[in-house]
Amino acid sequence: LSAKAIIDTWNPDVVIACDDNASKYLIVPYFKTSSIPFIFCGVNWSASEYGFPTNNVTGMVEVAPTRHTISLLQQYAKGSRVGYIGANTFTGRKSIKYIQEKEKVSFSSGKLVETFVEWKQEYLKLQSVVDMLFWLNPIGIKGWNDSEAISFILENTQIPTGASTDAEIQYALIGATKIAEEQGIWAAKTALRILNGESPSDIPITRNRHSQLYINKKLAKKMGIRFSAEILERAKEF
């Protein structure tokens, strides 16, 4: 059964819909003006393109602490040129757009790639054309192999790299990362508010506020980078 068919059959009192695809392909075409309350979470950067909020839809937008991560990278970079790399997906394209427009980050170079081979080529190229590199999610890259990618990164990384989710820190040196649980906790508490009688239209759309600092000590050792005592005290190690 499709998600729409399940909702139609169950007729739930409230629905929590996670990530952009759920908003784009489920809420917008079928339930945007429904009597069923919907709570979205994990929608990257903005919900305006979906026409949210509506009378029955509210949620939490997911914003990456990109500028914080880049400020950390600048401590170890030899220049100011920032690059990016990730999968050529709807989420990847949306993230780059909003990082540039909303976070005012100017990328000197970078690419969203289709295949693992293309990723290797771009990763090597970026080592010599930018001074620091920002990671986006590689999920969606055809042929992606985690263990091979990590070995390749350890062998070839010459510049500091950063990530803004804990899923990408295994590929990067350092990152101020989103805390995924924040989205789920807020959505669950909001669902309880709606079940207790509040209307989604009375609950404003919000955004995540918290972050966790991570460091990749294995990559740091390979690159000869020593973290400050302050970072070591605050950070979780990958």
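Residues numbered from 1 in each chain as written. Predicted model: local features only at pLDDT ≥ 70, side-chain atom pairs only at ≥ 80, totals over all residues. Heavy atoms only, no water.

Enquirer: Can you help me understand the sheet that holds strand E3 (residues 57-62) in this one?
Expert: Whether parallel or antiparallel, the strands of a sheet pair through hydrogen bonds between backbone atoms. If you walk across this open sheet you meet the 4 strands as E1-E2-E3-E9, and the pairing is parallel. Each edge of the open sheet carries a strand with a single partner, namely strand E1 (15-18) and strand E9 (206-207). Bridge count between E3 and E9: 2 bridges; the pairing is parallel. Among the inter-strand pairings, Met60 is bridged to a residue of E9, identified as Thr206. (Pairing = 2+ DSSP bridges. Helix = DSSP H or I, 4+ residues; strand = E, 2+ residues; numbered from the N terminus.)

Enquirer: Any chance you could explain the pairing of strand E5 (residues 109-113) here in plain terms?
Expert: Remember that side chains alternate between the two faces of the sheet whenever the strand is regular. Here strand E4 (residues 82-87) runs beside E5; their pairing, made up of 5 bridges, is parallel. Each bridged residue has a counterpart across the sheet, and for Gly86 the counterpart in E5 is Leu112. With helix H4 (residues 90-101) bridging E4 and its parallel neighbour E5, the resulting β-α-β unit is right-handed. (Right-handed = clockwise from strand over helix to strand, strands pointing away.)

Enquirer: Just to check I follow, could you spell out the pairing of strand E10 (residues 211-215) for this structure?
Expert: Counted residue by residue, E10 has 4 buried out of 5 residues, so it is predominantly covered. With 5 bridges joining them, strand E8 (residues 174-178) and E10 adopt antiparallel strand pairing. Of the residues in E10, the one forming a bridge with Lys178 is Ser211. When E10 meets strand E11 (residues 236-237), the two strands line up parallel, connected through 2 bridges. Bridge pairing in E11 places Tyr214 opposite Lys236. (Buried < 20%, exposed > 50% of the residue type's maximum accessible area, 1.4 Å probe, protein only.)

Enquirer: Help me understand the side chain of Glu168, please; the structure alone is not making it clear to me.
Expert: Along the polypeptide, Glu168 turns up in the loop between strand E7 (161-162) and E8. The side chain of Glu168 sits in the buried core without any salt bridge; Lys178 is the nearest counter-charge, 6.4 Å away. Polar side-chain contacts of Glu168 include one of 3.4 Å to the side chain of Asn137. What Glu168 contacts, discounting residues up to four positions off in sequence, is Trp135, Leu136, Asn137, Pro138 and Ala163. (Lys, Arg positive; Asp, Glu negative; His and termini not counted. Salt bridge = Lys/Arg side-chain N within 4 Å of Asp/Glu carboxyl O. Polar contact = N/O pair within 3.5 Å; in protein donor to acceptor, adjacent residues only side chain to side chain. Contact = heavy atoms within 4.5 Å.)

Enquirer: Is there a simple way to think about unusual backbone geometry in this case?
Expert: Glycine aside, a negative phi is what most residues show, and trans is what most peptide bonds show. The step from Phe52 to Pro53 runs through a cis peptide bond, and the omega angle for that step is 5°. Positive phi values are uncommon outside glycine, yet Asn11 reaches one of about 50°.

Enquirer: Looking at this structure, I do not really get the packing of helix H5 (residues 116-129) against helix H6 (residues 146-156). What am I missing?
Expert: The packing of two helices is summarised by the inter-axis angle and the distance between the axes. Running from amino to carboxyl end, H5 crosses H6 at an angle of 15°, the nearest separation of the two axes being 11 Å. Classified by the angle between their axes, H5 and H6 sit roughly parallel to one another. The way H5 lies across H6 gives a crossing that is right-handed. Every residue of H6 that contacts H5 at Phe116, Trp119, Lys120, Tyr123, Leu124 and Gln127 is listed here: Glu148, Ala149, Phe152, Ile153 and Asn156. Residues that form the contact of H5 with H6 fall into these classes: 7 nonpolar, 2 polar and 2 charged. (Axes fitted to C-alpha atoms, helices over the stretch in contact; angles between N-to-C directions. Parallel < 35°, antiparallel > 145°, perpendicular 65-115°, else oblique. Left-handed = near helix turned anticlockwise from the far one by under 90°. Nonpolar A, V, L, I, M, F, W, Y, C, P; charged D, E, K, R; others polar.)

Enquirer: It is not clear to me how the nonpolar core should be interpreted in this structure. Could you clarify?
Expert: One recurring pattern in soluble globular proteins is that nonpolar side chains are buried together. Grouped together as the largest cluster of nonpolar side chains are 67 residues, with contacts concentrated most on Phe38, Trp119, Trp135, Ile174, Phe227 and Ile231. Counting residues in hydrophobic clusters, the runner-up holds 9 residues, among them Val14, Cys41, Ala187 and Ile203. (Core = buried A, V, L, I, M, F, W, Y, C linked by side-chain atoms within 4.5 Å.)

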